Amino acid sequence: MFERIKTLKDIGYLAQDISILHRQYYKDTGELFKKHQLNPTAACILLTIKDNQYINQNQVAKSLVIDKGLAAREIKKMQNLGYLTKTAGVGKSIILNLTDTGQKIVPVIQNIRKQWWETRFSETGIKPDSPLISAIEKVVDSIVSESLE
């Protein structure tokens with residue numbers, strides 16, 4: 001296997017490293033989500049709806065920094081699966097809501113995600129209170145805030 005340079009490297013490699021994590025998460029969890037007729041992106045959308053009452057499709061796309069078309073396709077699939085519904089909001093806004101079935105799948109999704117990260121952390125010795133975690137959260141918050149403006 002390739003040996004990584006152990007010295008301080010260009011911070012630009014962080015994006016590459018995060019992409020590697022992202023792809024591996026999708027590979028490792030894809031089959032687990034597929035058992036529930038979901039994929040990792042759909043799972044993230046459901047969690048976003050669970051965490052944000054009165055959220056619409058556009059806000060979901062912005063908060064996850066995903067393409068509006070992808071969000072629309074995934075939301076339509078989950079609506080057809082009975083995981084969510086759409087209701088009228090203020091003005092022309094359409095609010096996304098989890099159904100009872102959607103509410104029941106959320107803990108399953110959360111567990112899949114949690115188990116994957118706990119396994120990765122335990123394999124590498126990273127603790128959940130690592131400064132790395134708060135640093136990544138700060139950068140993500142900054143990106144999401146910009147996309148919501």
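Residues numbered from 1 in each chain as written. Predicted model: local features only at pLDDT ≥ 70, side-chain atom pairs only at ≥ 80, totals over all residues. Heavy atoms only, no water.

In the annotation of an unreviewed UniProt entry, the protein chain is listed under the name MarR family transcriptional regulator and assigned to Lentilactobacillus hilgardii.

Student: How should the pairing of strand β1 (residues 84–88) be read in this particular structure?
Tutor: Every regular strand shows the same layout, with side chains that alternate between the two sheet faces. With 5 bridges connecting them, β1 and strand β2 (residues 94–98) associate as antiparallel partners. The residue bridging Thr85 from the neighbouring strand is Asn97, located in β2. Hairpin connection, β1 to β2: the antiparallel pair is bridged by 5 residues, and Gly91 has positive phi, about 65°. (Pairing = 2+ DSSP bridges. Helix = DSSP H or I, 4+ residues; strand = E, 2+ residues; numbered from the N terminus.)

Student: Can you walk me through the packing of helix α1 (residues 13–34) against helix α5 (residues 100–124) in this structure?
Tutor: Any two packed helices are characterised by the angle at which their axes cross and by the distance between the axes. As a packed pair, α1 and α5 sit with axes 11 Å apart at the nearest point and diverge in direction by 135°. Looking at the two axes, α1 sits oblique to α5. As for the relative orientation of α1 and α5, their crossing is right-handed in sense. Residues Leu21, Gln24, Tyr25, Asp28, Thr29, Leu32 and Phe33 of α1 form the contact with α5, whose own contacting residues are Ile109, Ile112, Arg113, Trp116, Trp117 and Arg120. The class makeup of the residues in the contact of α1 with α5 is 8 nonpolar, 2 polar and 3 charged. (Axes fitted to C-alpha atoms, helices over the stretch in contact; angles between N-to-C directions. Parallel < 35°, antiparallel > 145°, perpendicular 65-115°, else oblique. Left-handed = near helix turned anticlockwise from the far one by under 90°. Contact = heavy atoms within 4.5 Å. Nonpolar A, V, L, I, M, F, W, Y, C, P; charged D, E, K, R; others polar.)

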